[in-house]
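Overview (structure and organization)
Here is what each chain is made of, one letter per residue.
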Amino acid sequence: MGLLDAILGRSRAVPPDLDRLFGLPGAAITLNAATGLVPTGTGSVCFAGVEGGAFRRVQDDVRDLLDTGTDPGSPSYRKDTYGYTWLLLRRPADDTVSLVNDLHAVNTLLEEAGFGPQLLCSLAAFHDPEPEPGRDRALALVYLYKRGTFYPFAPLPGGVERRDNALEIEVRALLADDLRIEPELNRWFPVWGAPGLTD
């Protein structure tokens, strides 16, 4: 960092480190032991600004890369209310390693195809397999591509846009040794309606 950057309080962007995604299987074990939350087998990658022929090529490349054909594990695409595209991946709930490999592969493919600037985040979803009445907990571990960090996002049930802040703070403390947690709470962006988290 240069002197002018230091004086103005600017910092250099952290280069993406997709290998940090490989910390998710260990984090899933820690999370389950402490909270009872288990992986759902779903994950997604969010990106912006890929349209037309470029988007069709990305879809074909992802399908070829994952070689899933038309089975239930085939990737699907959705646009959210903000216009971002989400690529939804599904694997058996007990196979977090394969899900993480898929997330890593898709991010790498998009990066190598020149879409790195459009990559926003990836997430892996968790839920409570035996919720108490009225306490259907959902959680995403969100990887911020441009920061190389993770944060927990826990939407409250019932279709309201409110978060379970207590659970998020608990998970931050629990996973401090497993994942590089995003230290700036203002970067813990809500991902309301993210595919794979609530469906």
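Structure first, text after, so check above.
These notes cover the structure that comes with them. This structure is a prediction, so every number in the text was calculated from the model and none was measured.

With that settled, consider the overall build of the protein. What the protein contains, in helices and strands, is five helices and six strands. Listing every helix and strand of the protein by position from the N terminus yields α-α-β-α-β-β-α-β-β-β-α. Considering the protein as a whole, with its 199 residues, one finds that 44% of them fall into the buried category. Pairs at least 24 residues apart make up 65% of the contacts formed inside the protein by residues separated by at least 6 positions. For the protein, the computed accessible surface area is about 10200 Å², with 53% contributed by carbon and sulfur atoms.

As defined by bridge partners, strand S2 (residues 76–79) adjoins strand S3 (residues 85–90) across four bridges and the pair is classed as antiparallel. Pairing of Tyr77 across the sheet is with Leu87, part of S3. Taken together, S2 and the strand that follows it, S3, pair antiparallel across an intervening segment of five residues, in which Gly83 is found at a positive phi of about 90°.

Here we take up the packing of helix H3 (residues 52–66) against helix H4 (residues 96–115). A pair of packed helices is characterised by two quantities: the angle between their axes and the separation of those axes. In contact at an axis separation of 10 Å, H3 and H4 are set at 140° when each is read in the N-to-C sense. For the pair H3 and H4, the crossing hand works out as right-handed. Where H3 abuts H4, its residues Ala54, Val58, Asp61, Val62, Leu65 and Leu66 lie against Asp102, Ala105, Val106, Leu109, Leu110 and Phe115. Looking at side-chain class alone, the contact of H3 with H4 contains 10 nonpolar, no polar and two charged residues.

Attention now goes to the side chain of Asp128. On the secondary structure map, Asp128 appears in the loop between strand S4 (119–127) and strand S5 (138–144). According to the relative accessible area criterion, Asp128 is buried, its value standing at 13%. Separated by 3.2 Å, the side chain of Asp128 and the backbone nitrogen of Glu130 make a polar contact. For Asp128, the side chain forms a polar contact with the side chain of Arg137, separated by 3.3 Å. When near neighbours in sequence (up to four residues on either side) are disregarded, Asp128 contacts Gly36, Leu37, Arg135 and Arg137.

For the rest of this paragraph, the subject is H4. What H4 keeps buried is the set Thr96, Leu99, Val100, Asp102, Leu103, His104, Val106, Asn107, Thr108, Leu109, Leu110 and Phe115. Where the residues of H4 are buried, they touch helix H2 (24–35), strand S1 (38–47), H3, S3 and S4.

Take the pattern of salt bridges next. A complete count under the given rule lists eight salt bridges for this structure. A salt bridge links Arg91 to Asp102, with the shortest nitrogen-to-oxygen separation between them at 2.6 Å. One end of the pair, Arg91, is in the loop between S3 and H4; the other, Asp102, is in helix H4, and 11 residues separate them in sequence. Judged by its relative accessible area of 9%, Asp102 falls in the buried class. In this structure, Asp128 engages Arg137 in a salt bridge whose closest nitrogen and oxygen atoms are separated by 3.3 Å.

Turning our attention to the pairing of S5. By the criterion of burial, S5 is predominantly enclosed, with seven of the seven residues buried. Bridge analysis of S4 against S5 gives seven bridges, and the strand direction is antiparallel. Opposite Phe126, over in S5, you have Leu139 as the bridge partner. Judged from the five bridges that link them, S5 and strand S6 (residues 149–153) form a sheet pairing that is antiparallel. Considered in S6, the bridge of Val142 is made with Tyr151.

Our focus in this paragraph is the environment of Tyr82. With respect to the element layout, Tyr82 can be found in the loop between S2 and S3. For the pair Tyr82 and Ala48, spaced 34 residues apart in sequence, the C-alpha separation works out to 9.6 Å.

With the rule as written, the count across this model stands at zero disulfides. For the unlinked cysteine Cys46, the closest cysteine sulfur is that of Cys121, found at 4.7 Å. For Cys121, a relative accessible area of 8% translates into the label buried.

Analysis parameters
Residues numbered from 1 in each chain as written. Predicted model: local features only at pLDDT ≥ 70, side-chain atom pairs only at ≥ 80, totals over all residues. Heavy atoms only, no water. Helix = DSSP H or I, 4+ residues; strand = E, 2+ residues; numbered from the N terminus. Buried < 20%, exposed > 50% of the residue type's maximum accessible area, 1.4 Å probe, protein only. Contact = heavy atoms within 4.5 Å. Areas by Shrake-Rupley, 256 points an atom, 1.4 Å probe, with all protein chains shown as cover. Pairing = 2+ DSSP bridges. Axes fitted to C-alpha atoms, helices over the stretch in contact; angles between N-to-C directions. Left-handed = near helix turned anticlockwise from the far one by under 90°. Nonpolar A, V, L, I, M, F, W, Y, C, P; charged D, E, K, R; others polar. Polar contact = N/O pair within 3.5 Å; in protein donor to acceptor, adjacent residues only side chain to side chain. Salt bridge = Lys/Arg side-chain N within 4 Å of Asp/Glu carboxyl O. Disulfide = S-S within 2.5 Å.

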